[in-house]
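Residues per chain are reported as follows:
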Amino acid sequence: SLSKYKNIKIKVYNQEKLKKMGMNLILAVNKGSVNPPMLVVLEYKNSDNKDDKNICLVGKGVMFDTGGINIKYDEFYDMKSDMAGSALVFGVIKTLADLNIKKNVVGILPLVENDVDGKATHPGDIVKSYSGKTVEILNTDAEGRLILADAIYYCKNYNPKIIIDIATLTGQVAEIFDNIATGIMSNDIKTIEQFKKIGQIENEKIWDLPMWDEYVEDTESTMADIKNINRGDASTINGA
């Protein structure tokens, strides 16, 4: 439990609070589940410098992913691990407290189940996100980017100097690297290079994929501001 740590403040937003906040993408992904969604925020404040800006860590927390109405094919018993991003962020916050690290770090965990029933989000539904942008959900199995969109926009409340998103997103990235490396995408080249150097030190292979403007253009929707899948095959980049 993190409640014993004096430097960690825990906030939990339940389904009703998420509705009031307008976290509609998180709610949309969870609509088919009997278990309510939540957003857990872990604020670790332990810097000696009051002017230190926050580092925001956002972790994908899909507790199980059936794919929703776009249900997955073949065996997918391993989808209980689709919450690895949130688990990692939780572990980082706990480790920071255990080591008494002098930083300000906020962990943001959107927790949902992507399940199937009569209330589940349909392919083609248009949902207004927490940012105010509308999203055309063309494929309900592209759900991680939806909950992360709401969670990442929530980071604005902390005026962060950097946002680091950690996610099992997507299956394609495992195919690209044959599960040998971690894919990284960013709008900051210096940050990418810093992570790659850390990866070399820790013997964790990290490689960057591009985020060219053409990929951004491919997320445009004729029915909404953006859509959650693209026409081509670059699904990892498109998700980012």
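Structure shown above.
A. Expanded view of the layout of surface pockets. Taken as a whole, the second largest pocket encloses approximately 160 Å³ of empty space. Along the walls of the second largest pocket sit L2, I10, V40, L42, M63, M83, S86, A87, F90, L109 and L111, which together make up its complete lining. For the lining of the second largest pocket, the secondary structure elements donating two or more residues are β2 (38–45), α3 (84–98) and β5 (104–114). Here the lining of the second largest pocket gets 3 residues from one element, more than from any other, and that element is α3. The class makeup of the residues in the lining of the second largest pocket is 10 nonpolar, 1 polar and no charged.

B. Molecular detail of the pattern of salt bridges. Scanning the model with the defined rule gives 8 salt bridges in all. Here K60 makes a salt bridge to E143, at a shortest N to O gap of 3.2 Å. Of the two residues, K60 sits in the loop between β3 (55–59) and β4 (61–65) while E143 sits in the loop between β7 (134–137) and α4 (144–154), which places them 83 residues apart along the sequence. Neither K60 nor E143 differs from the other in exposure class; each is buried. K72 is paired through a salt bridge with D65; the nearest N and O atoms lie 3.3 Å apart. Relative accessible area serves as the criterion here: at 2%, D65 is assigned to the buried category. Three or more residues are tied together by salt bridges with common partners; here these are K60, D82 and E143.

C. Spatial organisation of a nonpolar patch on the surface. A cluster of nonpolar side chains, namely I10, V12 and M38, defines an oily patch on the protein surface of about 220 Å² accessible area. Judged by its relative accessible area of 43%, V12 is partly exposed.

D. Main features of a negative patch on the surface. A surface patch of like charges, here negative, comprises D213, E214, E217 and E220. Among the secondary structure elements, E214 is positioned in helix α7 (residues 213–217). Taking the relative accessible area as the measure of exposure, E214 reaches 56% and is therefore exposed.

Definitions and limits used
Residues numbered from 1 in each chain as written. Predicted model: local features only at pLDDT ≥ 70, side-chain atom pairs only at ≥ 80, totals over all residues. Heavy atoms only, no water. 1 Å grid on protein atoms, 1.4 Å probe; cavity = no way out; pocket = protein on both sides within 12 Å on 5 of 7 lines; lining within 4 Å. Points joined across faces, edges and corners; volume = space filled by probe spheres on them. Helix = DSSP H or I, 4+ residues; strand = E, 2+ residues; numbered from the N terminus. Nonpolar A, V, L, I, M, F, W, Y, C, P; charged D, E, K, R; others polar. Salt bridge = Lys/Arg side-chain N within 4 Å of Asp/Glu carboxyl O. Buried < 20%, exposed > 50% of the residue type's maximum accessible area, 1.4 Å probe, protein only. Patch = residues over 30% accessible without salt bridge, like charges linked within 9 Å, V, L, I, M, F, W, Y side chains within 5 Å. Areas by Shrake-Rupley, 256 points an atom, 1.4 Å probe, with all protein chains shown as cover. Lys, Arg positive; Asp, Glu negative; His and termini not counted. Charge placed at Lys NZ, Arg CZ, Asp CG, Glu CD.

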